[in-house]
Amino acid sequence: MHIEHNISLKSFNTFGIDVKAKHFVSISNIEYLKKVLLLKDYPDKLILGGGSNMLLTKNQDSLVIHINLKGISIISEDEDFAIVKANAGENWHEFVLWCLNNNFGGLENMSLIPGNVGTAPIQNIGAYGVELKDLFVSCETLSLEYKTFETFNKADCNFGYRNSIFKQKAKGKYIITSVTFKLSKRNHKLFTKYGAITSQLEVMRIKHPSIQNISQAVIAIRESKLPNPKDIGNSGSFFKNPVISKAQYSLLEKSFQNIPCYPVSDDTVKVPAGWLIETAGFKGKRLGNYGVHKNQALVLVNYGNAKGSDILNLSKLIQKTIKRLFNIFIEAEVNIL
Ligand code: EPU
């Protein structure tokens, strides 16, 4: 068993925060994973996937288990659909590209989302009108408590906006080892209505887009406004878009005539946190080594060697200011560790 000690986690989190793991193990085999869970010497464990949805604010004293399970397979297929299983350690975007190379449709709007397949269901990743849950069939897990394998079907997962059972009562209790999707092989259902996609396809002069064209459009949009973690450390959207009552929205509209919103239910709407943060004056603000991205106010960035605690303090200042100005609490989307 190859357990390492005092390992820097800098290259294992997309924020690029340099904290240390007291103990660290990388896992590429499920049986080995089970053995590691049975180790008595390390009662506290931290499961690490692509490290794309976390802000590390301190050295980690637990055993950090890096899930590096690889492999993609077609479980079954007919003329219309393919059931495809990807192991948890596959990079999400590379998996999306694999699907597109096979002409399997469904995941194209979620091109270029950072992170790994195994962490995608936890926050039900989504972009441009499509969420993981729309294509999800099931995921296989290993219970941290019982060391048994358990399958979660879609209904078991309780998916919501950036939410699932793995953020609720199953939080911290399971390791997702693989995810299975149902993807189309023909008559692909295209989601091109999202404003930015429609205009990007026009720029690309594409009238009848293929699933590959949609992926190209999404990649172009994301590259134009979201920083690539390889160049500037970040964790995508730092905050969730808040849901408020229509009554509160009407009140806010009196002071802020151009406040955008999307309908959620009969009496609630979702307000883009990016707009709130930009209106509060934080967009593009830089404090030394860290700040708020210049093209997308929802994204906090590490320009190099920032401390996780600095970024956490900035996020708290933003939350406090938004609360004071709009009486809205914006919840962090990333996990603070
Ligand atoms: N906006 C601003 N200023 C900004 C950013 C946004 O005013 O700096 C306003 C604009 O009105 C814009 C609206 O917010 O029209 C919506 O912006 P955008 O389409 O970029 O979407 P978002 O709400 O900021 C969400 C997801 C993204 C996802 C996009 C596209 C959340 C928390 N974020 O962002 O997901 O890519 O929609 O579907 O729901 C992620 O989770 O890491 C992520 C990047």
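Structure first, text after, so check above.
Structure report, in brief. (Residues numbered from 1 in each chain as written. Predicted model: local features only at pLDDT ≥ 70, side-chain atom pairs only at ≥ 80, totals over all residues. Heavy atoms only, no water.)

1. Quick word on helix H5 (residues 211-225)
Structural remark: α-helix, 3.6 residues per turn; residues separated by three or four positions point the same way. The line we're drawing: What counts as a helix is a DSSP run of H or I of at least four residues, what counts as a strand is a run of E of at least two, and both are numbered from the N terminus. Each helix should span, by expectation, one fewer than its residue count multiplied by 1.5 Å. With a 1.4 Å probe rolled over the protein chains alone, any residue whose accessible area is under 20% of its type maximum counts as buried; one over 50% counts as exposed, and the rest are partly exposed. Between two residues, a contact is recorded if the distance between any of their heavy atoms is within 4.5 Å.
Look at H5: 22 Å from first C-alpha to last across 15 residues, which is about the 21 Å you get at 1.5 Å a residue. Along H5, the positions that sit buried rather than exposed are Ile211, Asn213, Ile214, Ser215, Ala217, Val218, Ile219, Ile221 and Arg222. Packing partners of the buried residues in H5 comprise helix H2 (92-101), strand S8 (126-127) and helix H4 (195-203).

2. Let's talk about unusual backbone geometry
Even without being glycine, Lys147 reaches a positive phi, approximately 60°. One can find Lys147 in the loop between strand S10 (136-143) and strand S11 (149-153). Even without being glycine, Asn187 reaches a positive phi, approximately 45°.

3. Some details on the environment of Ile311
Residue position: Ile311 is located in helix H8 (residues 308-326). We classify Ile311 as buried; its relative accessible area is 1%. Along the chain, Ile311 and Tyr249 lie 62 residues apart, while their C-alpha atoms are 29 Å from each other.

4. Quick word on the packing of aromatic side chains
Note the cut-off: Working definition: rings of Phe, Tyr and Trp (its six-membered ring) pair if their centres are within 6.5 Å, and the pair is stacked with planes under 30 degrees apart, edge-to-face with planes over 60 apart, and tilted otherwise. Remark: a charge is flagged as sitting over a ring if the NZ atom of Lys or the CZ atom of Arg is within 6 Å of the ring centre and within 35 degrees of the ring normal.
Within the structure shown, the criterion is met by 14 aromatic pairs. The cationic tip of Lys270 hangs over the ring face of Tyr161; the distance from NZ or CZ to the ring centre is 3.4 Å. Here the basic side chain of Arg286 rests over the ring of Tyr303, its NZ or CZ set 3.8 Å away from the ring centre.

5. Thoughts on the environment of Ser11
Relative to the elements of secondary structure, Ser11 occurs in the loop between strand S1 (4-8) and strand S2 (20-27). Counting along the chain gives 219 residues from Ser11 to Lys230, while the straight-line C-alpha distance between them is 9.8 Å.

6. Remarks on the nonpolar core
Soluble globular proteins tend to pack their nonpolar side chains together in the buried interior. We apply this condition: What makes a nonpolar core is a set of buried Ala, Val, Leu, Ile, Met, Phe, Trp, Tyr and Cys residues whose side-chain atoms join them at distances within 4.5 Å. Delimitation of the domains relies on an automatic or database domain assignment.
In terms of nonpolar packing, the biggest core is built from 41 residues, with Leu276, Ile277, Ile311, Ile318 and Ile330 touching the most fellow members. Here this core takes 6 residues from H8, the largest share from any one element. Taken domain by domain, this core gets at least three of its residues from each of domain 1 (4-67) and domain 3 (233-336). Among all residues touching Ile311, those that are not within four sequence positions of it are Phe15, Ile17, Leu55, Phe238, Tyr290, Leu300, Val301, Asn302 and Ala306. Of all hydrophobic cores here, the second largest spans 39 residues; its members include Leu107, Phe136, Ala217 and Ile221.

7. With respect to H4
The line we're drawing: Working definition: the arc comes from the directions between the helix axis and the C-beta atoms, pointing outward to the latter.
Inspection of H4 places Ile197, Gln200 and Leu201 among the buried residues, and these make up the whole buried set. Within H4, the buried residues cover an arc of 100° as seen down the axis, which keeps them to one side. Facing away from the buried side of H4 by over 90 degrees, the exposed positions are Glu202 and Val203. Contacts from the buried residues of H4 go to H5. At the exit of H4 stands Arg205, carrying a positive phi of roughly 55°.

8. Here we look at the site of the ligand
Test applied: Nearness is judged by heavy atoms alone; a residue qualifies as near a molecule or strand once a single heavy atom is within 4 Å of it. What qualifies as a polar contact is a pair of N or O atoms within 3.5 Å, subject to a donor-acceptor requirement within protein and to the restriction that residues adjacent in sequence count only when both atoms come from side chains. Only the protein chains shown count as cover for residues, with accessible areas throughout obtained via the Shrake-Rupley method and a probe of 1.4 Å. Residues are grouped as follows: nonpolar covers Ala, Val, Leu, Ile, Met, Phe, Trp, Tyr, Cys and Pro; charged covers Asp, Glu, Lys and Arg; every other residue, Gly included, is treated as polar.
Among the 22 residues in the neighbourhood of the ligand, the closest are listed as Tyr128, Tyr161, Lys225, Asn241 and Glu278. Take Lys225: an N or O atom from its side chain is 2.7 Å from an oxygen atom of the ligand. In this structure, Lys283 approaches the ligand through a side-chain N or O atom, which is 3.1 Å from an oxygen atom. Contact with the protein chains hides 82% of the accessible area of the ligand, taken as 820 Å² for the molecule alone. No other element matches helix H7 (residues 273-279), which puts 3 residues into the shell around the ligand. For the shell around the ligand, the class distribution of residues is 11 nonpolar, 5 polar and 6 charged. Split by domain, the shell around the ligand shows at least three residues from each of two domains, domain 2 (72-225) and domain 3 (233-336).

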